[in-house]
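Listed here are the chains, written in short residue letters.
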Amino acid sequence: MSISSYKEFQSFMSETLAAMGVDAEFAPHEEFWSSLTYSEFTQGNVPGIARAVRILIPGDSAGSALIQSLKGEGIFTGAPFRRMPGGGPFMTDDQIGEIAAWIDAGCPEGDAAVS
Ligand code: HEM
């Protein structure tokens, strides 16, 4: 499967995390992948945290905090942040790869009417 729209990305996050038993409702940033608009998500910062961290850079998954957070790289090696979801369990390489491919494709927004 490949993610071809923001809605598909949002569903992938919710379904994958639910299957892992992860509930980010009480994280400081809450489930920001579900609540933000497409432009907030692709151009803005992670909400609810003290430090300004841009969520992602379209076309550059390796340079995107979202991917670094899931892999435990960059600023997510323990200081200032730990690997996400905080405390685990963590996504598999294949699952992270699906998200990375969507980012590397430039984060296609897709048709908002198609879910
Ligand atoms: C993209 C950049 C992200 C930043 C900057 C970030 C930052 C943080 C911070 C500061 C905390 C509180 C401290 C801690 O628990 O370590 C936190 C907690 C948490 N984050 Fe993130 N996060 C990011 C992405 C994500 C993603 C993608 C997920 C889900 C896959 C996630 C899931 C969680 C969860 C579940 C917690 C709560 C952990 C607990 O209650 O022990 N975060 N995050």
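Details of the overall build of the protein chain
Now for step 1: Across its full length, the protein chain holds 5 helices and 0 strands.
Now for step 2: When the helices and strands of the protein chain are placed in sequence order, the string is α-α-α-α-α.
Now for step 3: When the backbone C-alpha atoms are referred to their principal axes, the protein chain occupies close to 40 × 30 × 25 Å.
Now for step 4: The 115 residues of the protein chain split such that 37% are buried.
Now for step 5: Distance from the positive charge centre (6 side chains) to the negative charge centre (15 side chains) of the protein chain: 9 Å.

Some details on the coordination of the iron atom of the ligand
Now for step 1: Around the iron atom of the ligand, the protein supplies His-29 (NE2) and Met-84 (SD) as donor atoms, at distances of 2.0 to 2.2 Å.
Now for step 2: With 6 donor atoms in place around the iron atom of the ligand and angles of 84 to 179° between them, the coordination shape is octahedral. Separated by 55 residues along the polypeptide, His-29 in the loop between α1 (6-20) and α2 (32-35) and Met-84 in the loop between α4 (65-71) and α5 (93-104) bring together distant segments of the chain.
Now for step 3: Its relative accessible area of 14% is what places His-29 among the buried residues.
Now for step 4: Accessibility expressed as a relative area gives 22% for Met-84, which makes it partly exposed.

A look at the nonpolar core
Now for step 1: Counting 31 residues, the largest nonpolar core has Phe-9, Phe-41, Ile-99 and Trp-102 as its most contacted members.
Now for step 2: Going through the elements one at a time, α1, α2, α3 (38-43), α4 and α5 are the ones with two or more residues in this core.
Now for step 3: At 6 residues, α1 tops the list of elements feeding residues into this core.

Comments concerning the packing of aromatic side chains
Now for step 1: Applying the stated rule across the entire model yields 9 aromatic pairs.
Now for step 2: Each ring, one from Tyr-6 and one from Phe-9, has its centre 6.1 Å from the other, and the planes form 15°; the classification is stacked. With Tyr-6 and Phe-9 both in helix α1, this residue pair falls 3 residues apart, about one helical turn.
Now for step 3: We classify Phe-9 as buried; its relative accessible area is 0%.
Now for step 4: Ring geometry for Phe-9 and Trp-102: centres 4.6 Å apart, planes at 5°, overall stacked. With a gap of 93 residues between them, Phe-9 in helix α1 and Trp-102 in helix α5 connect regions that are remote in the sequence.

Procedures and definitions
- Within every chain, residues take consecutive numbers counted from 1 along the sequence as written.
- Given that this is a predicted model, residues contribute local features only at a pLDDT of at least 70 and side-chain atom pairs are listed and counted only at 80 or more, while totals for whole chains, interfaces and linings are drawn from all residues.
- Side-chain descriptors were evaluated using all non-hydrogen atoms of the structure, hydrogens and water having been removed beforehand.
- By the criteria applied, helices consist of DSSP H or I runs no shorter than four residues and strands consist of E runs no shorter than two, each listed in order from the N terminus.
- Throughout, exposure labels follow a simple rule: accessible area from a 1.4 Å probe, protein chains only, divided by the maximum for the residue type, with under 20% read as buried, over 50% as exposed, and the rest as partly exposed.
- Here Asp and Glu are counted as negative and Lys and Arg as positive; His is not counted, and neither are the chain ends.
- Throughout, a charge is located at the NZ atom of Lys, the CZ atom of Arg, the CG atom of Asp or the CD atom of Glu.
- Note that water is not among the atoms considered, so a metal site may appear incomplete; the donors listed are N, O and S atoms within 2.8 Å of the metal, with 3.2 Å applied to Na, K and Ca.
- Any coordination sphere not matching a tetrahedral pattern (four donors, all angles between 85 and 135 degrees) or a square planar or octahedral pattern (four or six donors, opposite donors over 155 degrees apart, other angles between 65 and 115) is reported as irregular.
- Definition used in this section: a nonpolar core is a set of buried Ala, Val, Leu, Ile, Met, Phe, Trp, Tyr and Cys residues joined via side-chain atoms within 4.5 Å.
- Note on aromatic contacts: the rings of Phe and Tyr and the six-membered ring of Trp form a pair at centre separations within 6.5 Å, being stacked when their planes are under 30 degrees apart, edge-to-face when over 60 apart, and tilted otherwise.

Just geometry here; none of it tells us what the structure is for.
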